[in-house]
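# Coordinate analysis (summary)
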Amino acid sequence: MSSPAATNGEEPVVKKKKKIKQSQIPSLPDDVLVSCLARVSRLHYPILSLVSKNFRSLIASPELYKTRSLLGRTESCLYVCLRFPPDPYNQRWFTLCMKPNRTVANKKPSCNILVPIPTSNSPPTQWLNLVSVGSNIYTVGGSFVNELSSRVSILDCQTHTWREAPSMRLERLVDYGGKMAILWSEFLLSDSGCDDKIMIWCAVIALERRNSEEMWGKVEWTDEVLTVPVACEFVCALSTIV
């Protein structure tokens, strides 16, 4: 049987079914996904958590970090605490991650950025009473110099949750995976002067001992990682193993 188009001397119209491409990754078993995620640098986790609710749940799961440890895939992660005046207790924690396809005008592409972590019940702290051990950050004693307290709070850098702990003593030996992380700020002045900002920069330097007296450093990367209000104050920067 010929189509109406064919009887009129025209080519018949053939309807083609559209092929819908769908990623099969989210449909994989959880244990396979965990094994795959464990092999990915934790710098990519904030972005991967946006793939689906299941990804977000797996990235925050203890099983993922157990697998990373068994596979020898643990790495140093940089955490920064900033204080936002006028409230001295208004402190926020950030962690370093990668943001792909980020290009600054007239500059090379930039992939490193500080992102806020959704911590709850975060106690106010200062540089003097912070210690990082393994995958945890401990705030020991009072919140400020004139406060005395035996309180110890722990930030679990795997799940980004705070919990209380009994009093303890810890040794202080902290670095960024054998490298040096340096943070500094630059002012961004607005035309009106009412909306001035501070741009926070970060550089990672690989260290090498050439002899018993000399230590050499090589800058691996430098990026502007966060822009904050000019009144923001730097509290601390710590590295954990996750």
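For the structure itself, look to the data block above.
Residues numbered from 1 in each chain as written. Predicted model: local features only at pLDDT ≥ 70, side-chain atom pairs only at ≥ 80, totals over all residues. Heavy atoms only, no water.

All chains considered together, the criterion is met by four salt bridges. Among the salt bridges present, the one from E233 reaches R83, with a minimum N-O distance of 3.3 Å. Of this pair, E233 sits in strand β11 (residues 233-241) while R83 sits in strand β1 (residues 76-83), and the two are 150 residues apart along the sequence. On the accessibility criterion, E233 (38% relative accessible area) is partly exposed. For R83, a relative accessible area of 13% corresponds to the buried category. In this structure, D156 and R163 form a salt bridge, with 4.0 Å as the shortest nitrogen-oxygen distance. (Salt bridge = Lys/Arg side-chain N within 4 Å of Asp/Glu carboxyl O. Helix = DSSP H or I, 4+ residues; strand = E, 2+ residues; numbered from the N terminus. Buried < 20%, exposed > 50% of the residue type's maximum accessible area, 1.4 Å probe, protein only.)

Attention shifts here to unusual backbone geometry. Outside of glycine, negative phi angles account for most residues, and trans bonds account for most peptide bonds. The omega torsion of the bond from P85 to P86 falls at 10°, within 30 degrees of zero and hence cis. With respect to the element layout, P86 can be found in the loop between β1 and β2 (91-98). Positive phi outside glycine occurs at H160, with the angle close to 55°. Summarising the element assignment, H160 is placed in the loop between β6 (152-156) and β7 (161-165). Given the relative accessible area of 14%, H160 is considered buried.

Among the nonpolar cores identified, the biggest contains 24 residues, and L37, L64, Y79, W93, I137 and L155 are the most heavily contacted of them. Listed by contribution, the elements that provide at least two residues to this core are α2 (30-38), α4 (53-59), α5 (62-70), β1 and β11. Counting residues per element, this core draws most heavily on α2, which supplies four residues. Core analysis: the next-biggest nonpolar cluster, separate from the first, contains 17 residues, L78, L82, F84 and I198 among them. (Core = buried A, V, L, I, M, F, W, Y, C linked by side-chain atoms within 4.5 Å.)

Time to look at the sheet that holds strand β8 (residues 179-188). Taken in spatial order, the three strands line up as β8-β9-β10 in an open sheet, and their pairing is antiparallel. Each end of this open sheet is capped by a strand with a single partner; those strands are β8 and β10 (215-229). On average, each strand axis in the sheet is tilted by 20° relative to the strand beside it, whichever way the strands run. Bridge count between β8 and strand β9 (residues 197-209): ten bridges; the pairing is antiparallel. (Pairing = 2+ DSSP bridges. Axes fitted to C-alpha atoms, helices over the stretch in contact; angles between N-to-C directions.)

So, on to a nonpolar patch on the surface. A cluster of nonpolar residues, M180, I182, W184, L207 and M215, forms a patch on the protein surface that exposes about 420 Å² of accessible area. For the nonpolar patch, the element with the highest residue contribution is β8, accounting for three residues. Its place among the elements puts I182 in strand β8. (Patch = residues over 30% accessible without salt bridge, like charges linked within 9 Å, V, L, I, M, F, W, Y side chains within 5 Å. Areas by Shrake-Rupley, 256 points an atom, 1.4 Å probe, with all protein chains shown as cover.)

Let us look at the packing of aromatic side chains. Under the criterion given, the structure shown has two aromatic pairs. Ring plane angle 15° and centroid distance 6.2 Å describe the contact between W184 and W201, whose orientation is recorded as stacked. Of the two residues, W184 sits in strand β8 while W201 sits in strand β9, which places them 17 residues apart along the sequence. With a relative accessible area of 34%, W184 lands in the partly exposed category. Taking relative accessible area as the criterion, W201 reaches 12% and is therefore assigned buried. Taking NZ or CZ as reference, R92 lies 4.1 Å from the ring centre of F84, over its face. (Phe/Tyr/Trp six-rings, centres within 6.5 Å; stacked < 30°, edge-to-face > 60°. Lys NZ or Arg CZ within 6 Å of the ring centre and 35° of its normal.)

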